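A look at the structure
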Amino acid sequence: MGKIKIIGEPLENIPWQEKPENYEGVIWRYDKNPLTKWNPTKRTARIFNSAVVPFNGEFVGVFRADHKDGKARLHVGWSKDGINWKIEDPEIIWKDEKGNIYQPNYAYDPRVVKIEDKFYITWCTDFYGPTIGIGYTKDFKEFIRMENAFLPYNRNGVLFPRKINGNYVMLSRPSDSGHTPFGDIFLSESKDLIYWGRHRRVMSRGGSGWWQSLKIGAGPIPIETEEGWLLFYHGVVLTCNGYVYSFGAAILDLNNPSRVLYRLRDYLLTPEMEYETVGFVPNVAFPCATLVDAETGRIAIYYGSADTYVSLAFAYVDEVINFVKENSEVVPGDKDEGR
Ligand code: BMA
């Protein structure tokens with residue numbers, strides 16, 4: 001049993017592999033990565049940056065699937081073990097709350113979270129440029145799309161798994177219409193998931209760690225722990241060969257998550273393996289989901305690799321939190337409320 005507790009449900013069948021012997025890091029990769037291959041379904045070329053949740057004793061996911069026309073769309077996938085996935089070939093069809101088709105032009109980098117009786121999905125959608133789309137499902141068969149959460153341009157919309165002080169809370173990363181060469185993580189609140197306000201800056205790029213010097217963006221749904229919200233996030237550095245995406249972690253205040261308590265100076269995982277360094281976009285490790293077992297403190301992290309594959313890594317919550325605390329460097333202003 002981990003010393004620092006996750007506040008949440010047990011997940012006995014969490015996909016899991018023990019840490020390799022003599023391994024020094026706090027995150028280790030699944031030794032049979034990647035979980036998906038090139039051309040995984042008839043109409044899709046690559047499936048990566050995707051989100052999974054427990055469902056009826058098994059697992060379901062919303063997958064980012066780039067079709068053979070090069071455009072990103074969302075597909076549902078099913079799995080008994082969280083490792084072997086059967087991904088549907090047709091994309092998700094969205095309807096609005098009146099039942100009319102409301103299909104995004106493109107859709108990518110989904111996150112999924114269960115709040116009360118619904119699974120909410122946020123993704124990067126086309127609204128005269130990229131911004132945050134939001135919708136929900138109860139059964140992963142019918143999908144209701146709500147009004148777009150934010151104005152363009154924005155990406156990496158990530159909901160907290162419960163209301164905080166009576167409001168829904170969403171992290172996001174204001175951006176530009178292209179391959180944004182800047183970016184900090186902000187937070188917005190809402191009473192109804194329609195009207196958003198009380199915007200705060202959570203954390204900014206930079207610090208002495210170059211891996212997060214260009215931009216940062218929230219990754220999976222934050223994990224509630226006794227020590228605060230554990231947030232895995234991606235950080236980007238610009239090299240002579242383009243952007244390199246790594247990921248790290250931060251701990252946010254439980255009652256006021258715009259305050260960063262601790263934040264890693266060094267990355268947790270950076271592209272090293274061939275399935276991370278070689279692919280459609282080389283050198284990308286982009287986490288979008290975790291499964292957590294509150295009983296044992298186990299965390300399974302799903303991350304997109306090289307914009308080509310879904311990959312999996314593992315960690316124990318107490319090891320990650322202790323590592324973040326021991327190697328923390330909070331960038332000026334991150335500890336503040338940010339208003
Ligand atoms: C970002 C997003 C991600 C992608 C990354 C690297 O802007 O589009 O989906 O993984 O670039 O290409």
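Right above here is the structure, for reference.
So, how was this worked out
- Residues numbered from 1 in each chain as written.
- Predicted model: local features only at pLDDT ≥ 70, side-chain atom pairs only at ≥ 80, totals over all residues.
- Heavy atoms only, no water.
- Helix = DSSP H or I, 4+ residues; strand = E, 2+ residues; numbered from the N terminus.
- Rg over C-alpha atoms; globule rule 2.2 N^0.38 Å.
- Buried < 20%, exposed > 50% of the residue type's maximum accessible area, 1.4 Å probe, protein only.
- Contact = heavy atoms within 4.5 Å.
- Areas by Shrake-Rupley, 256 points an atom, 1.4 Å probe, with all protein chains shown as cover.
- Near = heavy atom within 4 Å.
- Polar contact = N/O pair within 3.5 Å; in protein donor to acceptor, adjacent residues only side chain to side chain.
- Nonpolar A, V, L, I, M, F, W, Y, C, P; charged D, E, K, R; others polar.
- Core = buried A, V, L, I, M, F, W, Y, C linked by side-chain atoms within 4.5 Å.
- Arc of directions from axis to C-beta.

Turning our eyes to something else, we now look at the overall build of the protein. A count of helices and strands for the protein gives two helices and 22 strands. Taken over C-alpha atoms, the radius of gyration comes to 18 Å for the protein, in line with the 20 Å a tight globule of 339 residues would show. Principal-axis analysis of the C-alpha atoms gives the protein an extent of 50 × 45 × 45 Å. When the 339 residues of the protein are sorted by exposure, 59% land in the buried category. Across the protein, every contact between residues at least 6 apart in sequence was considered, and the portion connecting residues at least 24 apart equals 55%. For the protein, the exposed surface amounts to about 14400 Å²; the carbon and sulfur share of it is 50%.

Let us look at the site of the ligand. The full set of residues close to the ligand is Asn-49, Arg-64, Tyr-108, Asp-109, Tyr-245, Val-281, Val-284, Phe-286 and Asp-307. Between Asn-49 and the ligand, the recorded distance is 2.9 Å, taken from a side-chain N or O atom to an oxygen atom. Here an oxygen atom of the ligand and a side-chain polar atom of Asp-307 are 2.6 Å apart. Alone, the ligand offers 310 Å² of accessible surface; in the complex the protein occludes 85% of this. Taken together, the residues of the shell around the ligand sort by class into five nonpolar, one polar and three charged.

A few words on the nonpolar core. Ranked by size, the top nonpolar core spans 38 residues in total, and within it Leu-35, Trp-85, Val-112, Phe-140, Leu-291, Tyr-302 and Leu-312 carry the most contacts. Among the secondary structure elements, those contributing two or more residues to this core are β2 (44–55), β3 (58–67), β4 (72–79), β7 (107–115), β8 (118–126), β20 (285–293), β21 (298–305) and β22 (309–316).

Below, the discussion takes up helix α2 (residues 317–326). Along α2, the residues classified as buried are Val-317, Asp-318, Val-320, Ile-321 and Val-324. Looking straight down α2, one finds that the buried residues subtend no more than 165 degrees of arc, so they occupy a single side. The inward-facing, buried residues of α2 abut β16 (223–225), β17 (228–239), β18 (242–252), β19 (260–263), β21 and β22.

Structural measurements only, silent on function.
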